[in-house]
Amino acid sequence: LNANGDVIQLLSNLNQILKIEEAAYTKIGASTTNNDYRGKVRSLSLNLKDKNNPELRQKVLEGHIDPGMLVVMRSEELASKSLKEQQESIRQQNLH
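Because the structure is predicted, anything quoted here is derived from the model rather than measured.

For the rest of this paragraph, the subject is the environment of R38. Along the polypeptide, R38 turns up in helix α2 (residues 35-49). Sequence separation between R38 and I28 is 10 residues, and the spatial gap between their C-alpha atoms is 9.2 Å.

As structure tokens, this is what we get:
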């Protein structure tokens, strides 16, 4: 991309980030920035930065996952495909 394209992409990404923070604050920490709010924002940050979870990051940046929905997703839903497969394998092993 050229410099203008990079700037446009950066602004788009920042806009999504602001929407996520606003949704988290509204749904979890509207009265105060409590431990639930901080924990959720930390969890989202780690999941979105995870190099093994590019699918989640791409879906969020492209707007396929609404920020309001993202902030109420369980950790299992945020997990990378490989982590989900590992968890399922362990679950299957525990059944036998």
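Another aspect to go through is the nonpolar core. Core analysis: the largest hydrophobic core is formed by 13 residues, its most contacted members being I20, L56, V60 and L70. For this core, the elements supplying multiple residues, two or more each, are α1 (3-27), α2 and α3 (54-61). Not counting residues within four places of it along the chain, the set of residues in contact with V60 comprises Q16, I20, L48, I65 and L70.

To continue, consider a nonpolar patch on the surface. Taken together, the side chains of L10, L11, L14 and I17 define a hydrophobic patch exposed on the protein surface, amounting to about 380 Å² of accessible area. The topology assignment puts L10 in helix α1. L10 sits in the partly exposed class, given a relative accessible area of 49%.

Quick look at the pattern of salt bridges now. Using the criterion set out here, one finds 2 salt bridges in the structure. One salt bridge in this structure joins R74 and E76, with 3.2 Å as the shortest N-O distance. For E76, a relative accessible area of 41% gives the class partly exposed.

The angle between the axes and the distance between the axes are what describe a pair of packed helices. Running from N to C, α2 and α3 point in directions that differ by 110 degrees, and their axes come no closer than 7 Å. It follows that α2 is roughly perpendicular to α3 by the angle criterion. Contacts between α2 and α3 involve N47, L48 and K49 from the first element and L56, R57 and V60 from the second. Its residues assigned to classes, the contact of α2 with α3 comprises 3 nonpolar, 1 polar and 2 charged.

We now examine the packing of aromatic side chains. This structure, assessed with the given rule, holds 1 aromatic pair. Plain terms: the ring middles of Y25 and Y37 are 5.8 Å apart, the flat faces sit at 90 degrees to each other, and that makes the pair edge-to-face. Taken as a pair, Y25 in helix α1 and Y37 in helix α2 lie far apart in primary sequence, 12 residues in all. Taking the relative accessible area as the measure of exposure, Y25 reaches 34% and is therefore partly exposed.

About the cut-offs
- Residue positions are counted from 1 within each chain, in the order its sequence is given.
- Since the coordinates come from a predicted model, pLDDT governs what is reported: local features require at least 70, and pairs of side-chain atoms require 80 or more to be given and counted, while whole-chain, interface and lining totals use all residues.
- Side-chain calculation: all heavy atoms of the structure are included, whereas hydrogens and water are not.
- For helices the rule is a DSSP run of H or I covering at least 4 residues; for strands it is a run of E covering at least 2, with both sets numbered from the N terminus onward.
- Among the buried residues, those of types Ala, Val, Leu, Ile, Met, Phe, Trp, Tyr and Cys that are joined through side-chain atoms within 4.5 Å form a nonpolar core.
- Buried residues are those whose accessible area, probed at 1.4 Å on protein chains only, stays under 20% of the maximum for their type, while exposed residues exceed 50% and partly exposed ones sit between those limits.
- Note on contacts: a residue pair qualifies if any of its non-hydrogen atoms lie within 4.5 Å across the two residues.
- Patch members must show over 30% relative accessible area and no salt bridge, and they are joined within 9 Å when carrying like charges or within 5 Å when they are nonpolar side chains of Val, Leu, Ile, Met, Phe, Trp or Tyr.
- The Shrake-Rupley method, run with a 1.4 Å probe, gives the accessible areas here. Residue values count only the displayed protein chains as cover.
- Each reported salt bridge corresponds to a side-chain nitrogen of Lys or Arg within 4 Å of a carboxyl oxygen of Asp or Glu.
- Between N-to-C directions, angles cover 0 to 180 degrees, with each direction set by a line fitted to C-alpha atoms, over the stretch in contact for helices.
- Angles below 35 degrees are treated as roughly parallel, those above 145 as roughly antiparallel, those between 65 and 115 as roughly perpendicular, and all remaining angles as oblique.
- The classification used treats Ala, Val, Leu, Ile, Met, Phe, Trp, Tyr, Cys and Pro as nonpolar, Asp, Glu, Lys and Arg as charged, and all other residues, Gly among them, as polar.
- Stacked, tilted and edge-to-face are the three classes applied to pairs of Phe, Tyr and Trp rings, where Trp contributes its six-membered ring and a pair requires centres within 6.5 Å; stacked means planes under 30 degrees apart, edge-to-face means over 60, and tilted covers the rest.

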